[in-house]
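Listed below, chain by chain, are the residues.
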Amino acid sequence: MAVPKKKTSKAKRDQRKAHWKRTAALQAQKALSQGKSVLTGRSKGFVYPTDDEEDDDEE
């Protein structure tokens, strides 16, 4: 016969939610930082096409 599972405590539930939100916040912070780096032209490890390279391809 099926038996209902034990109820998860509010502390465990909140801890899981906090971990998920913190992970998402860190990823958002990294993405924003990388975006700013690309816009300022200071990025070293990120390869992306620039306007100069696009113009060379068209000629």
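Residues numbered from 1 in each chain as written. Predicted model: local features only at pLDDT ≥ 70, side-chain atom pairs only at ≥ 80, totals over all residues. Heavy atoms only, no water.

Novice: Please explain the overall build of the protein chain as it appears in this structure.
Specialist: Across its full length, the protein chain carries 2 helices and 0 strands. Taken across its 59 residues, the protein chain has 2% of its residues classed as buried. Counting every atom, the protein chain has about 6300 Å² of accessible surface; 55% of that belongs to carbon and sulfur. (Helix = DSSP H or I, 4+ residues; strand = E, 2+ residues; numbered from the N terminus. Buried < 20%, exposed > 50% of the residue type's maximum accessible area, 1.4 Å probe, protein only. Areas by Shrake-Rupley, 256 points an atom, 1.4 Å probe, with all protein chains shown as cover.)

Novice: What is the right way to look at helix α1 (residues 10–40) in this model?
Specialist: Because the α-helix completes a turn every 3.6 residues, residues three or four places apart line up on one side. In this model, α1 (31 residues) spans 45 Å end to end at C-alpha, consistent with the 45 Å of a helix rising 1.5 Å per residue. Taken from the residues just after α1, Gly41 is the one with a positive phi, measuring 80°. (Expected span 1.5 Å × (residues − 1).)

Coordinates in, geometry out; function isn't part of it.
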